[in-house]
Amino acid sequence: MKPVIIIDDDRLIAAFVDVAIQKLGFNSVTFIRVEDALKFVEKSSVDIMITDIFMPGIGGIQGIQMFRAKFPKIKIIAMSAGWHTMSPEDTIKAATEIGADIGLQKPFTLDQLMEVVKSLGI
């Protein structure tokens, strides 16, 4: 089974998502930067990417665009709690408009995350 990559600079969120992914029977690899995840995917096959939007470095919006261009078959889940005056809803909407398959507003429950992953049909 191909691994799921998780990208979030908040290690607690990344660990929480990792537990959920493993409960669904997937293997996962976590990253705190989009740049590191890109290097990994260039050498490994991946089915799903779960990424935060606002992070240091490239960040989720640009990361989603890069992944979508280079790896169009990867399913992308964007997650966000918003930023400054941008609501989580607006952030997720922007992410889906530029290439994410689905979004998930933070905070979310384990069940919500698992439901979103299942909805991708992988």
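Quick summary incoming for the structure in this document. (Residues numbered from 1 in each chain as written. Predicted model: local features only at pLDDT ≥ 70, side-chain atom pairs only at ≥ 80, totals over all residues. Heavy atoms only, no water.)

Relative to the elements of secondary structure, Thr91 occurs in helix H4 (residues 88-97). The class for Thr91 is buried, based on a relative accessible area of 1%. Setting aside chain neighbours within four positions, we find Thr91 in contact with Ile53, Phe54, Ser80, Gly82, Trp83 and Met86. (Helix = DSSP H or I, 4+ residues; strand = E, 2+ residues; numbered from the N terminus. Buried < 20%, exposed > 50% of the residue type's maximum accessible area, 1.4 Å probe, protein only. Contact = heavy atoms within 4.5 Å.)

On to helix H2 (residues 34-43). Of the positions making up H2, those classed as buried are Val34, Glu35, Ala37, Leu38 and Val41. Buried residues of H2, seen end-on, are gathered within an arc of 160° and therefore sit on one face of the element. Residues Lys39 and Lys43 are exposed on H2 and point more than 90 degrees away from its buried face. Against the buried residues of H2 lie strand E1 (4-7), strand E2 (28-31) and helix H3 (59-70). (Arc of directions from axis to C-beta.)

Another point: the environment of Phe31. With respect to the helices and strands, Phe31 occurs in strand E2. Assessed through its relative accessible area of 13%, Phe31 is described here as buried. For the pair Phe31 and Ala14, spaced 17 residues apart in sequence, the C-alpha to C-alpha distance is 8.0 Å. Discounting residues that sit within four places of it in the chain, Phe31 has contacts with Ile5, Ile6, Ile7, Asp8, Asp36, Ala37 and Phe40.

Membership of the largest hydrophobic core comes to 19 residues, with the highest contact counts inside it found for Ile5, Ile7, Met49, Ile64, Phe67 and Ile74. Contributing elements (two or more residues each) for this core: E1, H2, H3 and strand E4 (75-80). When residues of this core are assigned to their parent elements, the largest contribution, 4 residues, is made by H2. Other than its neighbours up to four places away in sequence, Met49 contacts Ile5, Ile7, Ile64, Phe67, Ile74, Lys75, Ile76 and Ile77. (Core = buried A, V, L, I, M, F, W, Y, C linked by side-chain atoms within 4.5 Å.)

This part is about the pairing of E1. What you see with E1 is no split at all: Val4 and Ile6 on one side and Ile5 and Ile7 on the other are buried throughout. As judged from the 4 bridges shared by E1 and E2, these two strands associate in the parallel manner. Counted as the bridge partner of Ile7 is Phe31 from E2. In this fold, E1 hands off to helix H1 (residues 11-23), which returns the chain to E2; that crossover is right-handed. Here E1 pairs with strand E3 (residues 48-52) via 4 bridges, running parallel. Bridge pairing links Val4 to Ile48 in E3. (Pairing = 2+ DSSP bridges. Right-handed = clockwise from strand over helix to strand, strands pointing away.)

Let us now look at the packing of H2 against H3. A pair of packed helices is captured by two measures, namely the crossing angle of their axes and the spacing between those axes. Put simply, H2 and H3 touch, their axes get as near as 10 Å, and they point 15° apart. In terms of their interaxial angle, H2 and H3 are classed as roughly parallel. In the crossing of H2 with H3, the sense of the turn from one axis to the other is right-handed. Residue-level contacts link Val34, Ala37, Leu38, Val41 and Glu42 of H2 to Gly59, Gly60, Gly63, Met66, Phe67 and Lys70 of H3. Per-class residue counts for the contact of H2 with H3 are 6 nonpolar, 3 polar and 2 charged. (Axes fitted to C-alpha atoms, helices over the stretch in contact; angles between N-to-C directions. Parallel < 35°, antiparallel > 145°, perpendicular 65-115°, else oblique. Left-handed = near helix turned anticlockwise from the far one by under 90°. Nonpolar A, V, L, I, M, F, W, Y, C, P; charged D, E, K, R; others polar.)

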